[in-house]
Amino acid sequence: MSVAVFIDGAEGTTGIEIRERLASCEGIETVTLADDRRKDVDARRTAINDADVVILCLPDAAAKDAVAMIANDRTRVIDASSAHRTADGWTYGFPELGFDVANARFVSNPGCYPTGFLALVAPLVRASLIPADWPLTVNAVSGYSGGGKALIARFESEGDLAFRGYGYALGHKHVPEMQRHAGLAHAPVFAPGVVNAYRGMVVEVPLHLAALPARPSRTALLDALHAAFDGAALVRVHDEAADELLLRTDQPPSDALDLYVFADATQARLVATLDNLGKGASGAAVQNLNLMAGLDPLAGLRV
Ligand SMILES: NC(=O)C1=CN([C@@H]2O[C@H](COP(=O)(O)OP(=O)(O)OC[C@H]3O[C@@H](n4cnc5c(N)ncnc54)[C@H](OP(=O)(O)O)[C@@H]3O)[C@@H](O)[C@H]2O)C=CC1
Ligand SMILES: CC(=O)N[C@@H](CCC(=O)OP(=O)(O)O)C(=O)O
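Residues numbered from 1 in each chain as written. Chains lettered and ligands numbered in written order. Predicted model: local features only at pLDDT ≥ 70, side-chain atom pairs only at ≥ 80, totals over all residues. Heavy atoms only, no water.

## Some details on the sheet that holds strand 7 (residues 137-143)
Okay, so step 1: Read across the sheet, seven strands follow the order 8-9-7-10-13-12-11 without closing on themselves; strand pairing throughout is mixed. Edge strands, defined here as strands with exactly one partner in the open sheet, are strand 8 (163-165) and strand 11 (235-238). Pairs of neighbouring strands in the sheet enclose a mean axial angle of 20°, with direction left out of account.
Okay, so step 2: As defined by bridge partners, strand 12 (residues 257-263) adjoins strand 13 (residues 267-274) across seven bridges and the pair is classed as antiparallel. (Pairing = 2+ DSSP bridges. Helix = DSSP H or I, 4+ residues; strand = E, 2+ residues; numbered from the N terminus. Axes fitted to C-alpha atoms, helices over the stretch in contact; angles between N-to-C directions.)

## Here's the deal with the domain arrangement of the protein
Okay, so step 1: Per the domain assignment, the segments making up the protein are domain 1 (3-109 + 281-293) and domain 2 (112-276).
Okay, so step 2: Put simply, the middle of domain 1 and the middle of domain 2, counted by C-alpha atoms, are 25 Å apart.
Okay, so step 3: With 16 residues of domain 1 at the interface, the matching set in domain 2 holds 27 residues.
Okay, so step 4: Counting the surface lost from both domain 1 and domain 2, the interface buries some 1600 Å², and carbon and sulfur atoms represent 50% of this.
Okay, so step 5: Contact with domain 2 buries area across many residues of domain 1, yet T13, T86 and L97 alone supply 33% of it, more than any other trio.
Okay, so step 6: The tally of links between domain 1 and domain 2 comes to three salt bridges.
Okay, so step 7: The salt bridge partner of R21 is D255, with a shortest N-O separation of 2.8 Å.
Okay, so step 8: Here domain 1 and domain 2 share nine residue pairs in polar contact (both at pLDDT 80 or more) between them.
Okay, so step 9: Residue assignment for the side of domain 1 that touches domain 2 shows that the elements contributing at least two residues are helix 1 (13-22) and helix 8 (278-293).
Okay, so step 10: Along the lines of polarity and charge, the residues of the side of domain 1 that touches domain 2 split into five nonpolar, six polar and five charged. (Domains from an automatic or database assignment. Contact = heavy atoms within 4.5 Å. Buried area = accessible area lost by both parts, 1.4 Å probe. Salt bridge = Lys/Arg side-chain N within 4 Å of Asp/Glu carboxyl O. Polar contact = N/O pair within 3.5 Å; in protein donor to acceptor, adjacent residues only side chain to side chain. Nonpolar A, V, L, I, M, F, W, Y, C, P; charged D, E, K, R; others polar.)

## Some thoughts on the nonpolar core
Okay, so step 1: Y113, F117, L136, L207 and L259 are the most contacted members of the largest nonpolar core, which has 52 residues in total.
Okay, so step 2: Looking at which element gives the most residues to this core, the answer is helix 4 (residues 112-126), with ten residues.
Okay, so step 3: Residues lining this core come from more than one domain, with at least three contributed by each of domain 1 (3-109 + 281-293) and domain 2 (112-276).
Okay, so step 4: Discounting chain neighbours no more than four positions away, the residues touching L259 are A119, L120, F229, V235, R236, V237, H238, V271 and A272. (Core = buried A, V, L, I, M, F, W, Y, C linked by side-chain atoms within 4.5 Å. Buried < 20%, exposed > 50% of the residue type's maximum accessible area, 1.4 Å probe, protein only.)

## Regarding unusual backbone geometry
Okay, so step 1: Positive phi, close to 60°, is recorded for L170, a residue that is not glycine.
Okay, so step 2: Along the chain, L170 turns up in the loop between strand 8 and helix 6 (175-182).
Okay, so step 3: Of note in the backbone geometry, R215 takes a positive phi value of approximately 40° without being a glycine.
Okay, so step 4: Tracing the backbone shows R215 in the loop between strand 10 (201-208) and helix 7 (218-229).
Okay, so step 5: A relative accessible area of 54% means that R215 is categorised as exposed.

## A look at the site of ligand 1
Okay, so step 1: Lining the immediate surroundings of ligand 1 are 24 residues, of which T13, T14, K39, L58 and K149 lie closest.
Okay, so step 2: Backbone polar atom of L58 to an oxygen atom of ligand 1: 2.6 Å apart, as the coordinates give it.
Okay, so step 3: Here an oxygen atom of ligand 1 and a side-chain polar atom of K149 are 2.4 Å apart.
Okay, so step 4: Among the elements of the structure, helix 1, helix 3 (60-68), helix 5 (148-158) and helix 8 are those that each provide at least two residues to the shell around ligand 1.
Okay, so step 5: Per-class residue counts for the shell around ligand 1 are seven nonpolar, nine polar and eight charged. (Near = heavy atom within 4 Å.)

## Description of the pattern of salt bridges
Side chains carrying opposite charge are able to pair once their charged atoms draw close together.
Okay, so step 1: What the rule picks out here adds up to 15 salt bridges.
Okay, so step 2: Linking E17 and R199 is a salt bridge whose minimum nitrogen-to-oxygen distance equals 3.0 Å. On the criterion of sequence distance, the pair formed by E17 in helix 1 and R199 in the loop between strand 9 (189-195) and strand 10 is long-range, its members being 182 residues apart.
Okay, so step 3: Take E17: its relative accessible area is 10%, and that puts it in the buried class.
Okay, so step 4: Owing to a relative accessible area of 7%, R199 belongs among the buried residues under this scheme.
Okay, so step 5: With a shortest N-O distance of 2.4 Å, E204 and R269 are connected by a salt bridge. Of this pair, E204 sits in strand 10 while R269 is found in strand 13, placing the two residues 65 residues apart along the sequence.
Okay, so step 6: One network of salt bridges, with partners in common, ties together E17, R21, R199, D255, D275 and R302.

Quick look at the structure:
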C-alpha cells in the first residue's frame, strides 16, 4: 500500500523540488492541489486530513495555520518552515544528530544554515571540546534560492547583485534552533549573506583553539566529527586540507553535507558546505519522509 503525501506549497522553490523527487519514488502517492485551489483553505484542510504525511513548504504563518487544520490523530507532518523548530511536541528533523525522526509524528526540518552549523558544532559540544557556554560566531553565505521565490526574482531581475549581507539587526530566525540543538548557553553571533549563485552555501565557525579549555588539536576535532557522522550516507567529513572552497553560479544540486576542519596550532576554521535546497531543504524533507514511512532511506536522494 502506498503512502499518501500531500505537499502544501507545491509550487514554491522547496515544494517543486520535493515533488520532482517523489515522482520517482516507489510506495508514495503524491497529492497536490491545482493552481486555482492551492491556497483555498477548505481544499487544503481536506487534503491535509486525507494524507498520511503532509509536507509543509510554506511561510511560517501558513505552516502554523496548516497544522491547526489537522483534525485527526493520524496525519503526520514534515514542516520545512522555521515555525516549529524549537516547539514542544516537535522532533527536530536531523536524524544524523540522533533525533528519532522515524517514530515522530511532527517533524520540523532544520534550517539550511543551522544544518551546517549544527553538524560542525553539536558533536564538538557533546564531546566537551567546545564548552556549552562558549561564545560562538557563525559566518555564512547562501545561494539566492535560499530566500524563496521573492529573493530569486530580486536577484534575477536586478542582475548586478553580487552580494547581499543581511541579518544586521541580529535575532535571525535561525539563531534559536542553532542554540537549542547545539546545547549552547548563549546564542551564536550569526552573520549571513547571499551571493549571486542560485544554490549552495558555505557555513563557517571560527575558533580560537588556544583559548578553549580542552585546547583541542585538529585531529581531535576531526575525530569527534568522524565519530558523529561516519556511516551517515549524506555527511562527509574531509580529512584532507584544501586551499580553497568554491561555490559556482551554476552549482549542481546535491544532498551532501561536507564538513572540513582547517587549523593550525592555535586557531581553526570549521566549514560546512551544502546545497540549501538539498540537505538544507528538499533533500532533508525526503530523507525524513523515507524514515517516517519506512521506505528505502536513500530513495529520491542524490548520494
Ligand atoms: N529556499 C530554501 O533554501 C529553504 C526554504 N525553507 C523554508 O521552506 C518554506 C518554503 O520556502 P520556499 O520554497 O523557499 O518559499 P517560496 O516562496 O519559494 O514558496 C512558498 C510557497 O508557498 C505558497 N504559499 C504562501 N502562502 C500560502 C498559503 N497561505 N497557502 C498555500 N500556499 C501558500 C507560495 O505561493 P505563491 O507561489 O503564490 O507565492 C509559494 O508557492 C519556507 O518556510 C522557507 O523558509 C527551508 C530551508 C531552505
Ligand atoms: C538566503 C536566505 O534568505 N535564506 C533564508 C533562510 C532559508 C531557510 O533556511 O529557510 P528557513 O528560514 O525556513 O530555514 C533567510 O535567511 O531567511
